[in-house]
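Letter by letter, the chains look like this.
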Amino acid sequence: MRRRDHNIFVNAFVFLVCGLTTGVVVAAAVFPYAMMSGLAAKAGERAFASLPSELQAFRSPQITRVYAADDKTQITQFYDEFRSDVPLKEISQYMRDAMVAAEDRNFYDHNGVDLKGVARALVNNKNGGAKQGASTITMQWVRMSLAYSATSPQDVVEATQDTPKRKFTEMKYALELEKQMGKDQILERYLNIVPFGKQTYGIFAASRVYFNKKPKDLTIGEAAMLAGIVRAPSGYDPTDATGHDRIEQRRNTYVIPGMLEMGTITPGQADKAKKEPIPDKVRPVSNGCVSVAKNNWGFFCDYFYRWWMGREEFGPTPYDRERRLKSGGYRITTTLDIKAQNKARGRIAELISERNQNALLLAAIQPGTGKVRMLAANRKYKLDDPADPANRISSDPKKARHGIRGSYPNTTNPLMTGGGDITGYQAGSVMKIFTIIAALEKGYPLAYTIKTEKRYRSKYIIDSGNDSACEGTHFWCPSNSGGGGEGVFNMWTGFGSSINTFFVPLEERVGAENVVDAAKRFGIQFRSSKDAEYASPGFSHQWGAFTLGVSATTPLDMANAYATLAADGMYCEPTPIEQIAARDGEELDVGRSRCTRATSENVARAAVDAARCPVGDSSRLGSCAGATARATRGIVGHPVFGKTGTTDRDRTASLIAGTTSLVVAGYLVNPDYQAHRDRLRHDQVNPAVMHTLGDYMEGKKREQFPRPESRKIAYGDQRSIPDVTCDPLNSARNRIDRAGFSVFIGREVDSDCPKGTAAGTDPSGRTVKNGVVVIEVSNGKDAKPEKPEKPGLPPIIITPPGPR
């Protein structure tokens, strides 16, 4: 604004106000120039009339509160300004009176603008006296409203800068506002928006922070102190020594006497109120996930926060989403099961210390909903203080040489859920489930058999210098953990005993690209760039090691993948949300998990049946032989399925176990240095998972896993095995091969058949088409005369490439 225009506003305003309040004569005496300039007065009148008079609708920032699944237990809160609106009836009458006494004693007498006060302030300020303000409570509320409804930084500046034009604007709005609203309505809005210092805005926040009580319970002395702060929150800060003396003086010499003068309190009440203590400490105000009510809830809170920040429904940019979270005043009910969370954290504490470099990580999901029920670890969710660090030097030698500290015991990394620098961890044989799924989808039944060896020569090409390459070749030759593993296995027994040399040839026949595709459909994200490259269409067909669990996953990823099986093949995106309600109580249609079919109902049910073997349960369709976590069934006490996993050199250990109600995934890893040399065993992760699931299922009704509707997915096309008892071996092999089976010569057994002939077959009677049949060889005990040998096939082993 030009200087001339500025003078016009000032002169016209002074003339108008003084004329109205003290008469034209006084105005002329004080401001002769204004009296002489009729043109200026008219210009000022026109300018005043042209100002807007209707405030834009706005909502002041409100606290967003986040609750557990019980809808009662508050986990944390998010805010930019610590504020929560309350109706006037929930605010102490003392507080209302104290605010009027402190800020606008003529509040109930004026129409929005205290003209006498304005004139007095103008005369005083022009004559060089101590600067006075003349803003009424209504005008102050207008000013804050304009700032909150601003749509640009410049609007904020114009709404708050100390200029006559801003004063004019406030007056025009205030006069109009008082025509539309009653005094109590204005006072209520003012008390809910005004700042009280210490990051508090509005009377609810102030009464909580300074006195840890509700606004309706404030005493005269407390109300007078809070009202006194408003004039200059930083200058009247009671936690500061100087501010403490200032606010006590203002309360006792200005606010309380003002209340007495207004007749709202008695002299006795005033004397008593002046003796009330002024607090020198305030209640800490929690904000965000580092301030959760209970530290072990922090990882779940962090998962919620990252989920929110990734949702475009809350704004087009991260800034918009965070602002909406911190100012929207939402009531958010999450999926966190407090009882399950606390028990899981307790189980972890029994097994491993927070100061252990290895992290025991648990995640649990409810099948069919995607609801994340708990996330627990032997870590504190906390930022390590660089000035007084508690974290030890990193176990990664490269980082240790530079003095970089590790993530234990304090971290805010999303260890269980992934994100940021956390791409996941190799989890081993738990990934074999995707080979089973892909095989079932391709028509291989659970009963499909493969003759396994200690070491298998695959068709997958790797670096010839790799330790797992077949000697002198570039072909991958995996072996079984701990050696052994020779025999005939199907999906029940191969999964139960975790036979690598069963799953690699099965993956070859199914196609590694189809196994990777199944994992993608079940929610595996391939966060690391290397994994993403191997999982891409041009490379996945050669990723033979995928079935053995070499890709990085998180406990949450795998818990949800197995939960998808328990949900009859319906994949539901993991979600931390039960319900989001806006400040007006309206429920938002955001947060419900989106569910899609990942595989058929029959495939899912068949895969679950095979997965009952590793955890000591009984298959409903086949026979289990071997279990890698046998104690699970007894501890959980319900029908259960799952799988253990171990990586090369035992660098990680994992167990997933689930029922129809909950799936828990546990990993024991070193998040800071995954190439470590420690041997991580299952004596920590297995009990943690088993007991966490058992605790959750305690008292719940036993629910059996359903069978597939078709028996064919379990047994395939069954064929009769020829009876070759006492046949010469060549003849027996010929007959069995022609019947459509893969033939192997087995070990010697006691038999009354002549030595060297067929004593029988394993299996006998019937088996799946293209399945393995082993001819058992008689040792000749109690032998009868040998049958004449029939011409037959040469002694070769036939392994079919797949179903015929």
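Residues numbered from 1 in each chain as written. Predicted model: local features only at pLDDT ≥ 70, side-chain atom pairs only at ≥ 80, totals over all residues. Heavy atoms only, no water.

**Quick look at the overall build of the protein chain**
Then step 1. Check the secondary structure of the protein chain and you find 29 helices and 25 strands.
Then step 2. Counting every position in the protein chain, which comprises 804 residues, the buried fraction comes to 53%.
Then step 3. In the protein chain, of all internal contacts separated by at least 6 residues, the share reaching a separation of at least 24 is 71%.
Then step 4. Looking at the protein chain as shown, the accessible area adds up to about 35,600 Å², and 48% of this sits on carbon and sulfur atoms. (Helix = DSSP H or I, 4+ residues; strand = E, 2+ residues; numbered from the N terminus. Buried < 20%, exposed > 50% of the residue type's maximum accessible area, 1.4 Å probe, protein only. Contact = heavy atoms within 4.5 Å. Areas by Shrake-Rupley, 256 points an atom, 1.4 Å probe, with all protein chains shown as cover.)

**Thoughts on the packing of aromatic side chains**
The description of an aromatic ring pair uses the distance of the two centres, along with the angle that the planes make with each other.
Then step 1. Tallying each qualifying case throughout the model produces 22 aromatic pairs.
Then step 2. Geometrically, the ring pair formed by Tyr79 and Phe82 is tilted, given 5.1 Å between the ring centres and 50 degrees between the ring planes. The burial state of Tyr79 is the same as that of Phe82; both residues are buried.
Then step 3. For the pair Phe434 and Phe522, a centre-to-centre distance of 6.2 Å together with 70 degrees between the ring planes defines the contact as edge-to-face. Here Phe522 lies in the loop between helix H22 (512–521) and helix H23 (529–534) and Phe434 lies in helix H19 (residues 432–441), a separation of 88 residues in the sequence. Here Phe434 and Phe522 have matching classes, each one buried.
Then step 4. Members of the aromatic cluster, each reached through a chain of ring pairs, are Phe78, Phe304, Tyr305, Trp307, Trp308, Phe314 and Tyr330.
Then step 5. In this arrangement the basic side chain of Lys700 is found over the ring face of Tyr696, its NZ or CZ atom lying 4.1 Å from the centre. (Phe/Tyr/Trp six-rings, centres within 6.5 Å; stacked < 30°, edge-to-face > 60°. Lys NZ or Arg CZ within 6 Å of the ring centre and 35° of its normal.)

**What to know about the pattern of salt bridges**
Then step 1. Scanning the model with the defined rule gives 36 salt bridges in all.
Then step 2. The salt bridge partner of Asp557 is Arg527, with a shortest N-O separation of 2.7 Å. Taken as a pair, Asp557 in helix H24 (residues 555–566) and Arg527 in the loop between H22 and H23 lie far apart in primary sequence, 30 residues in all.
Then step 3. By relative accessible area, Asp557 is classed as buried at 6%.
Then step 4. In the salt-bridge network here, residues are joined through shared partners; they are Arg345, Glu354 and Lys380. (Salt bridge = Lys/Arg side-chain N within 4 Å of Asp/Glu carboxyl O.)

**Observations concerning the state of the cysteines**
A covalent bond between the sulfur atoms of two cysteines is referred to as a disulfide.
Then step 1. The tally for this structure, following the rule as stated, stands at five disulfides.
Then step 2. Each sulfur of the disulfide joining Cys289 and Cys301 lies 2.1 Å from the other. Residues Cys289 and Cys301 are joined by a disulfide whose S-S torsion is about -80 degrees; by sign, that bridge is left-handed. Here Cys301 lies in helix H15 (residues 298–309) and Cys289 lies in the loop between helix H14 (267–274) and H15, a separation of 12 residues in the sequence.
Then step 3. Owing to a relative accessible area of 1%, Cys301 belongs among the buried residues under this scheme.
Then step 4. Linked covalently through their sulfurs, Cys470 and Cys477 form a disulfide whose S-S length is 1.2 Å. Negative torsions about the S-S bond denote left-handed disulfides, and the value of about 65 degrees found for Cys470 with Cys477 makes this one right-handed. (Disulfide = S-S within 2.5 Å.)

**Comments concerning the pairing of strand S20 (residues 663–669)**
Then step 1. Counted residue by residue, S20 has seven buried out of seven residues, so it is predominantly covered.
Then step 2. Residues Val663, Ala665, Tyr667 and Val669 point to one face of S20 and Val664, Gly666 and Leu668 to the other, with burial holding for every one of them.
Then step 3. Relative to S20, strand S6 (residues 359–366) runs antiparallel, the two being bridged by seven bridges. When the sheet's bridge partners are listed, Ala364 is paired in S20 with Val664.
Then step 4. Two strands pair when backbone bridges link them, and strand S19 (residues 653–658) and S20 are joined in this way by six bridges, in the antiparallel orientation. By the bridge assignment, Ile656 is partnered in S20 with Ala665.
Then step 5. If you look at the hairpin formed by S19 and S20, you'll find four residues sitting between the two strands. (Pairing = 2+ DSSP bridges.)

**Things to note about the side chain of Arg321**
Then step 1. Among the structural elements, Arg321 can be located in helix H16 (residues 318–327).
Then step 2. Sequence-distant contacts of Arg321, that is, excluding residues within four places in its chain, are made with Trp308, Met309, Gly310, Arg311, Glu312, Phe314, Gly315 and Pro316.

**Let's talk about the side chain of Thr449**
Then step 1. Secondary-structure assignment places Thr449 in the loop between H19 and strand S11 (450–452).
Then step 2. In terms of polar contacts, Thr449 uses its side chain to reach the backbone amide nitrogen of Val772, at 2.5 Å.
Then step 3. Discounting residues that sit within four places of it in the chain, Thr449 has contacts with Val488, Phe489, Asn490, Val768, Gly771 and Val772. (Polar contact = N/O pair within 3.5 Å; in protein donor to acceptor, adjacent residues only side chain to side chain.)

**Quick look at unusual backbone geometry**
Then step 1. For the bond running from Tyr408 to Pro409, omega is 5 degrees, close enough to zero to count as cis.
Then step 2. Cis peptide bonds are those with omega within 30 degrees of zero, and the linkage from Asp762 to Pro763 qualifies with 0 degrees.
Then step 3. Within the secondary structure layout, Pro763 lies in the loop between strand S23 (758–762) and strand S24 (766–768).
Then step 4. Look at Lys198: it is not a glycine, yet its phi comes out positive at around 55 degrees.
Then step 5. Residue position: Lys198 is located in the loop between strand S3 (195–197) and strand S4 (200–201).

**Details of the sheet that holds strand S1 (residues 64–67)**
Then step 1. The sheet built from five strands is open, its strands ordered S2-S1-S5-S15-S16 with mixed pairing. Looking at the sheet topology across the chains shown, the edges are occupied by strand S2 (74–78) and strand S16 (587–588).
Then step 2. Both S1 and strand S5 (residues 331–334) contribute to a ladder of three bridges, which runs parallel. When the sheet's bridge partners are listed, Tyr67 is paired in S5 with Thr333.
Then step 3. Taken strand by strand, H15 contacts S1, S2, S5 and strand S15 (577–581), and its axis lies near 45 degrees from that of S2. (Axes fitted to C-alpha atoms, helices over the stretch in contact; angles between N-to-C directions.)

**Brief notes about H19**
Then step 1. The element H19 is extensively covered by neighbouring structure, given that nine of its 10 residues are classed as buried.
Then step 2. The inward-facing, buried residues of H19 contact helix H20 (491–497), helix H21 (500–510), H22, H24, helix H25 (601–610) and helix H28 (712–715).
Then step 3. Gly443 lies just past H19 and shows a positive phi near 100 degrees.

**Some points on the packing of H19 against H21**
Then step 1. Here H19 crosses H21 at 40 degrees, and the two axes come no closer than 10 Å. Here H19 lies oblique to H21, going by the angle between them. As H19 runs across H21, the sense of the crossing is left-handed. Residues Lys432, Thr435, Ile436, Ala438 and Ala439 of H19 pack against Asn500, Phe503, Leu506, Glu507 and Val510 of H21. (Parallel < 35°, antiparallel > 145°, perpendicular 65-115°, else oblique. Left-handed = near helix turned anticlockwise from the far one by under 90°.)

**Here we look at the packing of H19 against H22**
Then step 1. At a minimum axis separation of 8 Å, H19 and H22 run at an interaxial angle of 110 degrees. Classified by the angle their axes make, H19 and H22 are roughly perpendicular. Residue-level inspection shows Phe434, Thr435, Ile437, Ala438 and Glu441 of H19 in contact with H22, the latter providing Asn514, Val515, Ala518, Ala519 and Arg521.
Then step 2. For the contact of H19 with H22, a count of residues per class yields six nonpolar, two polar and two charged. (Nonpolar A, V, L, I, M, F, W, Y, C, P; charged D, E, K, R; others polar.)

**What to know about the nonpolar core**
Then step 1. Counting 102 residues, the largest nonpolar core has Trp308, Ile433, Phe434 and Leu506 as the members making the most contacts within it.
Then step 2. Those residues in contact with Leu506, other than ones at most four positions away along the chain, are Thr435, Ala439, Tyr444, Tyr448, Ile450 and Met491. (Core = buried A, V, L, I, M, F, W, Y, C linked by side-chain atoms within 4.5 Å.)

**Description of the sheet that holds S19**
Then step 1. Pairing in this open sheet of five strands is antiparallel, and the strands run S7-S6-S20-S19-S18 from one edge to the other. Each edge of the sheet is formed by a strand with only one pairing partner; in this case those strands are strand S7 (371–377) and strand S18 (641–646). For this sheet, the mean inter-axis angle between neighbouring strands, taken without regard to orientation, is 10 degrees.
Then step 2. Where S6 meets S7, six bridges bridge the pair, whose relative direction is antiparallel. Its bridge partner being in S7, Gln366 is matched across the sheet by Lys371.
Then step 3. This element, helix H17 (residues 338–351), spans S6 and S7 of the sheet and lies at about 25 degrees to S7.
Then step 4. Lying over the sheet, H24 contacts S6, S7, S18, S19 and S20, oriented at roughly 150 degrees with respect to S20.

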